[in-house]
Amino acid sequence: MSRLSNQLVATMLAQKISPQPFEALVDAALREDLGSGLDATTVATIPVDQIAVAQFNARKSGVVAGVFAAQAVLEIAGNSAITFTKQIPEGSKVQAGDLIFEATGRVADLLFAERTALNFLSRLSGVATMSSIWVEAVKSTGCIVRDTRKTTPGMRVLEKYAVRMGGGTNHRMTLSDAALIKDNHIAAAGGVVAVQGSAIAQVQGGSTLVSFELDLVDIVASIGDPTAVDVSASLAVFTNGQKVADAIPVLLVRQPVARLKLPEGVADAKLSPFGQRV
């Protein structure tokens, strides 16, 4: 049975976030912060029954995500005795100083949970904000910004939720969601044609997407070659590497609706030209 309020549970379930694993993550985070003893400063300075209102304000402009996560931390730390008001919606754009929400409860509970709550809220808002920057950079191109599995261990569901709050789109949640063939698979299988044929044969007739992460224009050009393999299965191609700009027009001849993965480290200022070429 969840220790969270019905409202928070409903919020999480609506976003396909399971409360039980998240509560375990919060427990671990609180234990990490508390160590093996008590909150020494709070115990020494704050009366056990003192009540106060805590304000959670934005320190910078950005997109807010993880309000529910911060509130869940506070509820668990305060045994559900903490209440919330003046909450803004998830995904809201804020400026420095804007109020995100208020929490009322025992000062000792608020101070104990404060850092952990802020860690969740700050991390997820940062992901949402960066996602929104990329989305804004290609908004007039018809491109979709997708995420990766390069997430903080244990926080994948939360960080991918934050991507959505920033306007991005989730790609694979797990390895079982799609066959994404990378350079190591190609090398081990003996080449792109061999690995493509094998992958499509494995998922033929099913709903699993077969995708490629490729580096060179000549490899990109081989995808979709009717003399090489049957490409009747769902196929999305991602290009990677320094020659991505040259690869795009070659790729689009083969796959007019291809989904592209830009090289890592491409700044948001450089995204729009890539999108215009798509």
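Keep in mind that this is a model prediction, so the values were computed, not measured.

## Quick word on the overall build of the chain
Thought 1: Regarding its fold elements, the chain presents eleven helices and eight strands.
Thought 2: When each of the 278 residues of the chain is scored for burial, the buried share is 42%.
Thought 3: Long-range contacts, defined here as pairs at least 24 residues apart, represent 70% of the contacts in the chain between residues at least 6 apart.
Thought 4: A total accessible area of about 14700 Å² is found for the chain, and carbon and sulfur atoms account for 55% of it.

## A look at the nonpolar core
Thought 1: Ranked by size, the top nonpolar core spans 44 residues in total, and within it Leu 74, Phe 101 and Phe 120 carry the most contacts.
Thought 2: Those elements giving two or more residues to this core turn out to be α1 (6-14), α2 (19-34), β1 (51-57), α4 (67-77), β5 (99-106), α5 (107-137) and α6 (156-165).
Thought 3: Examining the composition of this core, we find that nine residues originate from one element, α4, more than from any other.
Thought 4: Sequence-distant contacts of Phe 120, that is, excluding residues within four places in its chain, are made with Phe 22, Leu 25, Val 26, Ala 29, Ala 69, Val 73, Met 155 and Leu 158.

## Some points on the packing of α5 against α6
Thought 1: In the contact formed by α5 and α6, the axes pass within 7 Å of each other and the chain directions differ by 45°. Considering their axes alone, α5 and α6 lie oblique with respect to each other. Crossing geometry of α5 relative to α6 is assigned as right-handed. Between α5, through Phe 120, Arg 123, Leu 124, Val 127, Ala 128 and Ser 131, and α6, the contact on the second element is made entirely by Leu 158, Glu 159, Ala 162, Val 163 and Met 165.

## Remarks on the pattern of salt bridges
Opposite charge on two side chains lets them pair, provided their charged atoms get close.
Thought 1: In this structure the tally under the stated criterion is seven salt bridges.
Thought 2: Linking Arg 3 and Asp 27 is a salt bridge whose minimum nitrogen-to-oxygen distance equals 2.6 Å. Remark: Asp 27 occurs in helix α2 and Arg 3 occurs in the segment before α1; sequence separation between them is 24 residues.
Thought 3: Across the pair Asp 109 and Arg 106 runs a salt bridge, and its minimum N-O distance is 2.9 Å.
Thought 4: Of the residues examined, Asp 109 reaches a relative accessible area of 10% and is grouped as buried.
Thought 5: When salt bridges that share partners are traced, they join Arg 3, Glu 23 and Asp 27 into one network.

Rules and cut-offs
Residues numbered from 1 in each chain as written. Predicted model: local features only at pLDDT ≥ 70, side-chain atom pairs only at ≥ 80, totals over all residues. Heavy atoms only, no water. Helix = DSSP H or I, 4+ residues; strand = E, 2+ residues; numbered from the N terminus. Buried < 20%, exposed > 50% of the residue type's maximum accessible area, 1.4 Å probe, protein only. Contact = heavy atoms within 4.5 Å. Areas by Shrake-Rupley, 256 points an atom, 1.4 Å probe, with all protein chains shown as cover. Core = buried A, V, L, I, M, F, W, Y, C linked by side-chain atoms within 4.5 Å. Axes fitted to C-alpha atoms, helices over the stretch in contact; angles between N-to-C directions. Parallel < 35°, antiparallel > 145°, perpendicular 65-115°, else oblique. Left-handed = near helix turned anticlockwise from the far one by under 90°. Salt bridge = Lys/Arg side-chain N within 4 Å of Asp/Glu carboxyl O.

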